[in-house]
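Residues per chain, in single letters:
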Amino acid sequence: MISAVQPAYAQDDEEDTIIVTGIRGSLGRAMDVKRDAHGVVDAISAEDIGKFPDTNLAESLQRITGVSIDRVNGEGSLLTARGFGAQFNLVTLNGRHMPAANITTIGGGDGADFAGGGGRSFDFQNLASEGVTRLEVYKTGRADNPSGGIGATVNVMTARPLDNPGTRLTIGAKALHDTSAVFGDDVTPEVTGLASWTDDSERFGVSLFGAWQRRDSGSPGAVSNTWNVTTIEDFLNNTGLLRPTSVVNNAPSDPDTLVTFPNDSRYTFASAERERLNGYATVQFSPTETLTFTADAFYAQNLQQEQRSEQTNWFNRPFDEVTFSDDLVPTTEYLFEDIGGIGSPNVKDQGHEQQFRSSKETLTSFGFNAEWDNGDGWHAEVDAHTSRAWSGPNSRNETTSTLVSIAAPTTDAHSLDLTGPLPVQNVVFNDCTRQGVTADGFPGTNCNGMLDVADLGSQVARTNLSQVTNQINEVQFSVGREFGDGARLDFGGEWQDGDFSRLQAGTTQTLGDWGIVNPGDVAQLAPGVVESFCLACQFNDFSTGGAAQVVPRGNALDLYDALSPYYLDLGNIPTTSNSFDTVSERIFAVWGQVSWEGEFASRPAELVFGVRYEDTNVSATTTQLIPTVIRWEADNDIRTINSVDQGTVTGTGGYNDLLPNVDFKIEAMPNVIARASYSETIARPTFGNLSPGASPDARPLDRPSFLGGQASGSANNTGLLPLRSKNLDLSFEWYFDDASYVSVGFFDKRVRNFIGNGVTSRTLFDLRDPTSGNAGTRSGDALDLIGELGLVQNDVSLFTATALVDQFGVDAARTMLAANQTGADLDQAFVDQTLADYDVLGNSDDPILNFEVDVPINNREGKIRGIEFAFQHFFGEDIGIPGLGVQANYTFVDGDVEADVTRVPDADEFALVGLSNTANATLIYENYGISARVAFNWRDDFAAQLNTNGGNRNPLITEAFKQVDASVSYDLTENLQLTFEGINLLGEDIRQHARSETAYVFVQDLSPRFLFGARYRF
């Protein structure tokens, strides 16, 4: 988008000069950009950004009509425009396409530990706002803009010295007080500096910018991993879910009604550290008045670490009591499970996994530009850059996440109450059952009636590494000629060479195993690493109902270093997995554009017609470990085991597009502008979807297939086509006063080739299913024994019986089961020992496992339409309060692409992720050296993900979110300004759910942040 150097809208030299004249001046310049543009364009000038209570550019962009953001740990990260999520929008820096390498590990729920990257979503969290002169948001397509943004193209512009001649130096410092911080520092620094210099001839100049910021934060929350979906009839008749004596309340009367129930419930606490560094340098030289050379370099680095602790209660099932909610999809709002009877020798474990997450993200860009304008109507420009985004680990063991599962075998019974916004767990505690020295010499639980480190035993340790590199080399050129009578011709071209690569690797090591064979090993092998921590005390807006008062907390890296060597010496060698993907995109484009400015029906009018042709070729490879066997390790712990050998899969694809655009603008009456625009745009598939690999999930079954588990896997498709959209925009704008306007706009988008994850049933690598229960298999023989002995039929009994049949044969297994049977249940200690001692591997007697494989395909079309309202006016003079004003906007978005929570999960659902209504309102005051704002931002609920939880195909719905921010600055002197900013003043929280609000998935309790600062201008 060379238009960053020669903007697509009219502006004079004064507009290019950044003059700090306050809020009103900046809003006026942004309004002029909107008014003078061809098509629909919004902007924010430098003063506007500097005065917002914004930690990064995303926080600023959310103030623009039709733009909303996703947050990570309370900070703006990803951008949604007109209902289209981040992957459908394009971000450029000074008109150059920026690569993205975003791995969403930090700040997420449980699945975030295994995030691999592979999207095109640009993370604005990496950029400091202070070094930006203007943000431009192009909502309509243009021939001279790079393709890739259906929702919008966002251009980030940085300072150039010849645009603002002279010598200027600005330095600033802020103290950030984060009220959520529990560990680390609750006050952290931020320092910025900007210098610009030109020589006396104003033909040579240099500008430098640097910014450094630290932030420590904390967030308590709650997570549920999986919500199962079935009919109420199947639920009531499933002996693995209910006993004959179980009580079911408020069950739906229609047998076909879908109901949903969880696998688990977790409380979490995460402590995060972030350090951001930005810098750029620009050199400009104009050897003549008609020729200007520009060279620039940009660097951004974002270092993050997060230490996370969980308290987890899994449901073994059957349930003893269930109460369903009155939601549209009835949900188990209360569950109770008695582990063999309160006070019995049977107990289950309460999980306390410790996680350490890390990421390092860098963005580098080197560019060169030559611009020639002969002053006689000819203009030419060449721009080239090489830019690289990289994301990877930021921890001492070079992983993006390390997880150490530890647990206490102390749960006699437990319940879950979901009638409030946060789950309330109630546990009957018993740390006396697992006393006594273990076979490996560890002491067992200590029977003191309270949870402490001595009760903990290790289970499994895992590490994950995700590393993404995205390189773009791009050359653009344009030639323009102005003719008489307001006519102009522009044409140009673009060559882009993009290379994406992704490395994913992981290890899994059995420690004390899921059955916790060594209670007490954590205290002995890792003394002082784990401490007791009151997780419930960290919630500000929610109550745990007395749960999670004492929760173990420790650094997962230290735990791994302490526990792994001991079990490695016992022969517990980690299993490994890794894959490496590459995607290469070669894009060639040419474009032409004709502009006319004159009169139509005796009124000033402008017309632009353009067309862009693009040819894209894609090649991709995946190098991956080959899965060899399914290993059943415990009741619901079923894993894919890979060989040490790797294989390579290749794929190719390609497409070409002809993208026209027409923009018509007329000043229908003085200061009233009407616009009509038509354009065709594209958004390319994610890199992750283009890689050609296929694999079963690491945990392909969430429970045995005989008991309803559905095997899941994934494959990709290099032949995917881009989304193609036909866009119509109509806009009416009345500029009725200085820095004041009202506008209403309508947009309609007809999009085809939406990418859906179609599910196909297929085998993968001829893997066999040890959990099938088929006659003639070990699990089939186990089912016969369970029925013969009158045992309850569930995950635990099926695995235990199958493992014994596998090891000792049917007759011996019958004897061992009968000897450890109490009524319909097995002795828990016997079960735990079996879990620890034996695994069951798929063999030739087992059937080949049929997987539900997610495959991305172009299979959908959608219609998206919306209305945008915007109003801006300084009205204080009219009421005797000079300097008082307001800025407000509202965007309504609708379409046939919304998620349906009631649909039967027999096929993948198609919906537009991120589709939501938004609103902003800002009250402004500026006078007597004071600049103040109070800003309100609201975003309605929206689908954040689709088809989660395997065959349950649940949507992930982010609930409506509102935030109030404020900022005040005071010019103490002509050069010195003091500032105060408050972010999320009301401490609004993030909550996500599945098919009903009761079916919570992710809750994050957020807190306000305050910044106190000073800025000095020399």
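All residue numbers here refer to positions counted from 1 along the written sequence of the relevant chain. Where local features are concerned, this predicted model is filtered to residues with pLDDT of at least 70; where side-chain atom pairs are given and counted, the filter is 80 or more; whole-chain, interface and lining totals use all residues. Working from all heavy atoms in the structure, the side-chain values ignore hydrogens and water.

- Per an unreviewed UniProt entry, the chain is named TonB-dependent receptor, and its organism is Hyphococcus luteus.
- Taken verbatim from the UniProt record of the chain, the Subcellular location (unreviewed entry) comment is "Cell outer membrane". UniProt positions are given in the numbering used here, feature names are shortened, and annotations may be inferred rather than shown by experiment.

### A word on the overall build of the chain
Step number 1: Strands here mean DSSP runs of E at least two residues long; helices mean DSSP runs of H or I at least four residues long; both are numbered from the N terminus. Within the chain, the regular secondary structure consists of 13 helices and 48 strands.
Step number 2: Expressed as lengths along the three principal axes of its C-alpha atoms, the size of the chain is roughly 100 × 55 × 55 Å.
Step number 3: Buried means the residue's accessible area, taken with a 1.4 Å probe over protein chains only, is under 20% of the maximum for its type, while exposed means over 50%, and partly exposed covers the values in between. Going through the 1018 residues of the chain one by one, you find that 60% of them count as buried.
Step number 4: Positive and negative side-chain charges of the chain, numbering 68 and 138 respectively, have mean locations separated by a distance of 5 Å. Asp and Glu are treated as the negative residues and Lys and Arg as the positive ones, with His and the ends of the chain left uncounted. To locate a charge, the coordinates of NZ of Lys, CZ of Arg, CG of Asp or CD of Glu are taken.

### So, empty space enclosed by the protein
Step number 1: Cavity means a closed set of points on a 1 Å grid over the protein atoms alone, one where a 1.4 Å probe fits but cannot get out, pocket means an open set with protein on both sides within 12 Å along at least 5 of 7 lines, and lining means a residue has an atom within 4 Å of a point. Grid points are joined across faces, edges and corners, and a volume is the space filled by probe spheres set on the points. Counted under the stated rule, the structure contains 19 cavities of 30 Å³ or more.
Step number 2: What lines the largest cavity is a set of 26 residues, among which Asn89, Leu90, His97, Met98 and Arg120 lie closest to the centre.
Step number 3: Sorting the residues of the lining of the largest cavity by element identifies β4 (90–93), β23 (457–482), β24 (487–510) and β27 (575–600) as the ones contributing at least two each.
Step number 4: Split by residue class, the lining of the largest cavity holds 13 nonpolar, nine polar and four charged. Residues are sorted three ways: Asp, Glu, Lys and Arg are charged, Ala, Val, Leu, Ile, Met, Phe, Trp, Tyr, Cys and Pro are nonpolar, and all the rest, Gly among them, are polar.

### Quick word on the pairing of β23
Step number 1: Two elements, strand β20 (residues 378–392) and β23, share 14 bridges in a ladder whose sense is antiparallel. If you follow glutamate 381 over to β23, its bridge partner there is serine 478.
Step number 2: By this definition, two strands are paired if DSSP reports at least two bridges between them. Here strand β21 (residues 401–417) runs beside β23; their pairing, made up of six bridges, is antiparallel. Counterpart to leucine 403 in the pairing with β23 is arginine 462.
Step number 3: Across 23 bridges, β23 lies against β24 in antiparallel orientation. If you follow asparagine 464 over to β24, its bridge partner there is glycine 506.

### A few points about the sheet that holds strand β7 (residues 153–158)
Step number 1: In spatial order, the strands read β1-β6-β7-β4-β5; together these five strands make up an open sheet with mixed pairing. Bordering the open sheet on either side are β1 (41–45) and β5 (96–97), each of which pairs with just one other strand.
Step number 2: Contacting β1 and β6 (132–138), helix α2 (residues 23–36) crosses the sheet at an angle of about 160° to β1. We call two residues contacting when some pair of their heavy atoms lies within 4.5 Å. Every axis corresponds to a line fitted to the C-alpha atoms, with the helix fit spanning only the stretch in contact, and the corresponding angles, defined between N-to-C directions, vary from 0 to 180 degrees.

### A few points about the state of the cysteines
Step number 1: Any two cysteine sulfur atoms within 2.5 Å of one another count as a disulfide. Per the stated rule, a full pass over the model turns up two disulfides.
Step number 2: Between the sulfur atoms of cysteine 432 and its disulfide mate cysteine 447 the distance is 1.8 Å. Residues cysteine 432 and cysteine 447 share a disulfide whose torsion about the S-S bond is about 80°; that sign makes it right-handed. Of this pair, cysteine 432 sits in the loop between β22 (424–429) and β23 while cysteine 447 is found in the loop between β22 and β23, placing the two residues 15 residues apart along the sequence.
Step number 3: Each disulfide pairs two cysteine sulfurs, and for cysteine 534 the partner residue is cysteine 537, the sulfurs being separated by 2.0 Å. The sign of the S-S torsion, about 75°, decides the handedness of the disulfide formed by cysteine 534 and cysteine 537: right-handed.
Step number 4: Each disulfide in the chain links cysteines that, numbered along the sequence, combine into the pattern 1-2, 3-4.

### Quick look at unusual backbone geometry
Step number 1: Cis geometry is found at the peptide bond from arginine 317 to proline 318, where omega equals 10°.
Step number 2: Tracing the backbone shows proline 318 in the loop between β15 (291–314) and β16 (319–324).
Step number 3: Residues other than glycine seldom take positive phi values, yet isoleucine 516 does so here, at roughly 55°.
Step number 4: Residue isoleucine 516 is classed as buried on the basis of its relative accessible area of 1%.
Step number 5: Its identity is not glycine, yet asparagine 753 carries a phi of approximately 70°, on the positive side.
Step number 6: One can find asparagine 753 in strand β34 (residues 740–762).

### Considerations on the packing of helix α9 (residues 778–789) against helix α10 (residues 795–808)
Geometrically, a packed helix pair is captured by the angle between its two axes and the distance between the axes.
Step number 1: In the contact formed by α9 and α10, the axes pass within 8 Å of each other and the chain directions differ by 115°. Relative to α10, α9 is oriented so that their crossing is right-handed. Contact residues: α9 offers Arg778, Ser779, Asp781, Ala782, Leu783, Leu785 and Ile786, while α10 offers Ser797, Leu798, Ala801, Thr802, Val805 and Asp806.
Step number 2: A per-class count over the contact of α9 with α10 returns seven nonpolar, three polar and three charged. It is the rotation of the near helix from the far one that decides the hand of a crossing: anticlockwise by less than a right angle makes it left-handed, clockwise makes it right-handed.

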